[in-house]
Amino acid sequence: MRILIIEDEVTLNKTLSDGLKEFGYQNDVAENISDGRYFLSIRNYNLVLLDWMLPDGNGIDIIADIKAQSPKTSVVVLSARDDKESEIEALRAGADDYIKKPFDFEILLVRIEAKLRFGTSNIIEVDDLVINPEEEKIIYKGEDIELKGKPFEVLTHLAMHKDQIVSKEQLLDAIWEEPELVTPNVIEVAINQIRQKMDKPLNITTIETVRRRGYRFCYPSKKA
Ligand code: CA
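Residues numbered from 1 in each chain as written. Predicted model: local features only at pLDDT ≥ 70, side-chain atom pairs only at ≥ 80, totals over all residues. Heavy atoms only, no water.

*Asks:* Which residues make up the overall build of the protein chain, and what values do they have?
*Replies:* When helices and strands are tallied, the protein chain shows eight helices and 13 strands. C-alpha atoms of the protein chain, sized along the principal axes, occupy 65 × 35 × 30 Å. Counting only residues that meet the buried cut, the protein chain has 43% of its 224 residues in that class. In the protein chain, once contacts between residues fewer than 6 apart in sequence are set aside, the share between residues at least 24 apart is 55%. Total accessible area computed for the protein chain in this model is approximately 12300 Å², and 48% of it derives from carbon and sulfur atoms. (Helix = DSSP H or I, 4+ residues; strand = E, 2+ residues; numbered from the N terminus. Buried < 20%, exposed > 50% of the residue type's maximum accessible area, 1.4 Å probe, protein only. Contact = heavy atoms within 4.5 Å. Areas by Shrake-Rupley, 256 points an atom, 1.4 Å probe, with all protein chains shown as cover.)

*Asks:* So what about the sheet that holds strand β2 (residues 26–30)? Which residues, and what values?
*Replies:* Judged by pairing direction, the sheet is parallel, and its five strands sit side by side in the order β2-β1-β3-β6-β7 without closing on themselves. Strands at the two margins of the open sheet, each flanked by one partner only, are β2 and β7 (97–100). The mean inter-strand angle of the sheet, taken between neighbouring strand axes irrespective of direction, is 20°. Where strand β6 (residues 74–79) lies against β7, four bridges are found, and the strand directions are parallel. If you follow V77 over to β7, its bridge partner there is Y98. In the packing of helix α2 (residues 33–42) onto the sheet, contacts are made with β1 (2–6), β2 and β3 (47–51), and the angle to β2 comes to roughly 145°. (Pairing = 2+ DSSP bridges. Axes fitted to C-alpha atoms, helices over the stretch in contact; angles between N-to-C directions.)

*Asks:* Give me the coordination of the calcium ion: which residues, what numbers.
*Replies:* Within the protein, D8 (OD), D51 (OD) and M53 (O) serve as the donor atoms for the calcium ion, at 2.2 to 2.3 Å. Counting along the primary sequence, the residues that act as donors to the calcium ion give the motif D-x42-D-x1-M. Residue D8 is found in the loop between β1 and α1 (10–22), and its partner M53 is found in strand β4 (residues 53–54); the two are separated by 45 residues along the sequence. Residue classification places D8 among the partly exposed positions, given a relative accessible area of 29%. On the basis of relative accessibility, which here comes to 43%, the residue M53 falls in the partly exposed class. (Donors = N, O, S within 2.8 Å, 3.2 Å for Na, K, Ca; no water.)

*Asks:* For the pairing of strand β13 (residues 214–217), give the residues involved together with the corresponding values.
*Replies:* When strand β12 (residues 207–210) meets β13, the two strands line up antiparallel, connected through four bridges. In the sheet register, T209 faces β13, and the bridge partner there is Y215.

*Asks:* Which residues make up the packing of helix α7 (residues 168–175) against helix α8 (residues 185–202), and what are the values?
*Replies:* At a closest axis distance of 9 Å, the pairing of α7 and α8 adopts a crossing angle of 85°. It follows that α7 is roughly perpendicular to α8 by the angle criterion. Of the residues in α8, those touching α7 at K168, L171 and L172 are V186, I187 and E188. (Parallel < 35°, antiparallel > 145°, perpendicular 65-115°, else oblique.)

*Asks:* With reference to specific residues and values, describe the domain arrangement of the protein chain.
*Replies:* Considered domain by domain, the protein chain is made up of domain 1 (2–118) and domain 2 (124–217). Each of domain 1 and domain 2 has a C-alpha centre, and these two points are 34 Å apart. Between domain 1 and domain 2, a total of about 520 Å² is buried, with carbon and sulfur atoms accounting for 33% of that surface. In this assembly, domain 1 and domain 2 are joined by one salt bridge. In this structure, E125 engages R2 in a salt bridge whose closest nitrogen and oxygen atoms are separated by 3.2 Å. Where domain 1 touches domain 2, the interface holds one residue pair in polar contact (both at pLDDT 80 or more). (Domains from an automatic or database assignment. Buried area = accessible area lost by both parts, 1.4 Å probe. Salt bridge = Lys/Arg side-chain N within 4 Å of Asp/Glu carboxyl O. Polar contact = N/O pair within 3.5 Å; in protein donor to acceptor, adjacent residues only side chain to side chain.)

*Asks:* Break down empty space enclosed by the protein for me, with residues and values.
*Replies:* Applying the stated criterion to the full structure yields one cavity of 30 Å³ or more. Taken as a whole, the largest cavity spans an internal volume of roughly 80 Å³. Looking at the largest cavity, the residues that line it are L40, S41, R43, N44, Y45, Q69, S70, T73, E135, K137 and I139. Elements with a minimum of two residues in the lining of the largest cavity: α2 and β10 (137–140). Split by residue class, the lining of the largest cavity holds three nonpolar, five polar and three charged. Taken domain by domain, the lining of the largest cavity gets at least three of its residues from each of domain 1 (2–118) and domain 2 (124–217). (1 Å grid on protein atoms, 1.4 Å probe; cavity = no way out; pocket = protein on both sides within 12 Å on 5 of 7 lines; lining within 4 Å. Points joined across faces, edges and corners; volume = space filled by probe spheres on them. Nonpolar A, V, L, I, M, F, W, Y, C, P; charged D, E, K, R; others polar.)

*Asks:* Any details on the pattern of salt bridges? Residues and values, ideally.
*Replies:* Across all of its chains, the model carries 13 salt bridges by this definition. For R216, the salt bridge identified is with E208, shortest N-O distance 3.0 Å. Connected via shared salt-bridge partners are E7, E9, D51 and K101.

What follows is the structure, encoded as structure tokens:
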């Protein structure tokens, strides 16, 4: 679970960051909208804690962008505005929750838990590699990798069954709509594309061939 904190009050964002880490949430801190946007462009977040009044604008103005980019990311607005209208405005702008400052950390924590329970995503994150099945997106060290279609699905399936050997038949059944109509060598073609388009240029190994048995997701490779 990764959280982005966009908050310009230094003592508060430090308290939030340390507190969340203590409860097992990885997090990044941005002190203004432009840094926040930068983090959002390189990483996937399960949740964004968003201050309303920031040095370079209003936090609520970027909610729509966050949601457009990753609909499953929850946005919790933190604000010193305690009037009803502001709360309504934030929720209408797409916020999933609105928490008035000052707040109790424990309360914040349970509300975060509640949001995350709701929006559990299928994002696979292994080391520097992030696979986002909903958006058909692979990010390696912050860079987008061009791998789409069947090769992407094969990679995702293997990554989801990490440490297991998956046979060609299982892959065909899982990914092809009419497996009986294709020859098993479509799998070899897909694996080959993963190796050519991703592994080779990045100099990594993601999939290992297990003779006569199938394939196994092996990133990060122990051999390297
Ligand atoms: Ca502020």
